[in-house]
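# Structural features, examined
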Amino acid sequence: MRRVLCLAALFALSTPALADRGHADQCAKKLAGLSLDAYRAAIPHAERGATLKQAIGGYLKPLVDAGKVEEKAGKRAGFQAAMCVRLVHRKKS
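Not measured: the values here are computed from a predicted model.

Side-chain pairs of opposite charge can arise whenever the charged atoms involved come near each other. For the structure shown, the criterion picks out 3 salt bridges. The salt bridge partner of Arg21 is Glu47, with a shortest N-O separation of 3.0 Å. You can see Arg21 sitting in helix α2 (residues 21-28) and its partner Glu47 sitting in helix α3 (residues 33-47), a full 26 residues away along the chain. The class for Glu47 is partly exposed, based on a relative accessible area of 37%. Of the charged contacts, one joins Asp65 and Lys61 as a salt bridge, the two residues approaching to 2.7 Å between their closest N and O atoms. Of the two residues, Asp65 and Lys61 are both situated in helix α4 (residues 52-65); the distance of 4 residues between them amounts to about one turn of the helix. Assessed through its relative accessible area of 54%, Asp65 is described here as exposed. On the basis of relative accessible area, Lys61 is assigned to the partly exposed category, the value being 36%. By sharing partners, the salt bridges in this structure join Arg21, Asp25 and Glu47 into a single network.

Structure below.
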């Protein structure tokens with residue numbers, strides 16, 4: 001799980017930028033299952049300026065810690081969700 005959070009942190013920006021929710025939602029249409037759940041849980045936090053680690057980890061880490069989700073599945077879902085959530089932090093050109 002630590003690797004998921006580290007990988008997600010690589011995509012996070014240190015300061016909040018202009019939100020690009022539309023592109024993030026378009027990306028999320030490709031998600032399913034745990035990845036989609038992680039996206040839905042993380043997106044409001046990301047819009048408020050949370051890092052990907054905070055937004056996605058806050059949802060997935062308790063599931064992994066409780067044994068409800070295997071670490072490998074959590075990593076995969078976290079990465080897939082992060083690919084879409086990160087678009088909220090993308091600056092508009």
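Still more ground to cover, so stick around.
Further remarks concern the nonpolar core. If you look at the biggest cluster of nonpolar residues, it comprises 24 residues, and the most contacted ones within it are Ala24, Leu31, Tyr39, Ile56 and Val85. At the level of elements, α2, α3, α4 and α5 (71-85) are the ones that each hand at least two residues to this core. Setting aside anything within four residues of it in sequence, one finds Ala24 in contact with Tyr39, Ile43, Cys84, Leu87 and Val88.

Within this structure, the stated rule accounts for 1 disulfide. A disulfide bridge connects Cys27 with Cys84, and the sulfur atoms are separated by 2.0 Å. Residues Cys27 and Cys84 share a disulfide whose torsion about the S-S bond is about -70 degrees; that sign makes it left-handed. Taken as a pair, Cys27 in helix α2 and Cys84 in helix α5 lie far apart in primary sequence, 57 residues in all.

Time to look at the side chain of Ser35. Inspection of the secondary structure puts Ser35 in helix α3. You can call Ser35 buried: its relative accessible area is 3%. Among residues more than four places away in sequence, those in contact with Ser35 are Arg76, Ala77, Gln80 and Ala81.

Next up on the list: α3. Taking 1.5 Å of rise per residue, 15 residues should cover 21 Å, and α3 covers 22 Å from first to last C-alpha, within 8% of that figure. Of all bends in α3, the biggest is about 30 degrees, found at Ala41, and the proline Pro44 comes one to four residues later. Residues Ser35, Leu36, Ala38, Tyr39, Ala42, Ile43 and Ala46 constitute the buried set of α3. Backbone geometry just downstream of α3 places Gly49 in the positive-phi region, at approximately 100 degrees.

Conventions used here
Residues numbered from 1 in each chain as written. Predicted model: local features only at pLDDT ≥ 70, side-chain atom pairs only at ≥ 80, totals over all residues. Heavy atoms only, no water. Salt bridge = Lys/Arg side-chain N within 4 Å of Asp/Glu carboxyl O. Helix = DSSP H or I, 4+ residues; strand = E, 2+ residues; numbered from the N terminus. Buried < 20%, exposed > 50% of the residue type's maximum accessible area, 1.4 Å probe, protein only. Core = buried A, V, L, I, M, F, W, Y, C linked by side-chain atoms within 4.5 Å. Contact = heavy atoms within 4.5 Å. Disulfide = S-S within 2.5 Å. Expected span 1.5 Å × (residues − 1). Bend = angle between axes of the 7 residues up to and from the residue.

Just distances and angles here, no functional claims.
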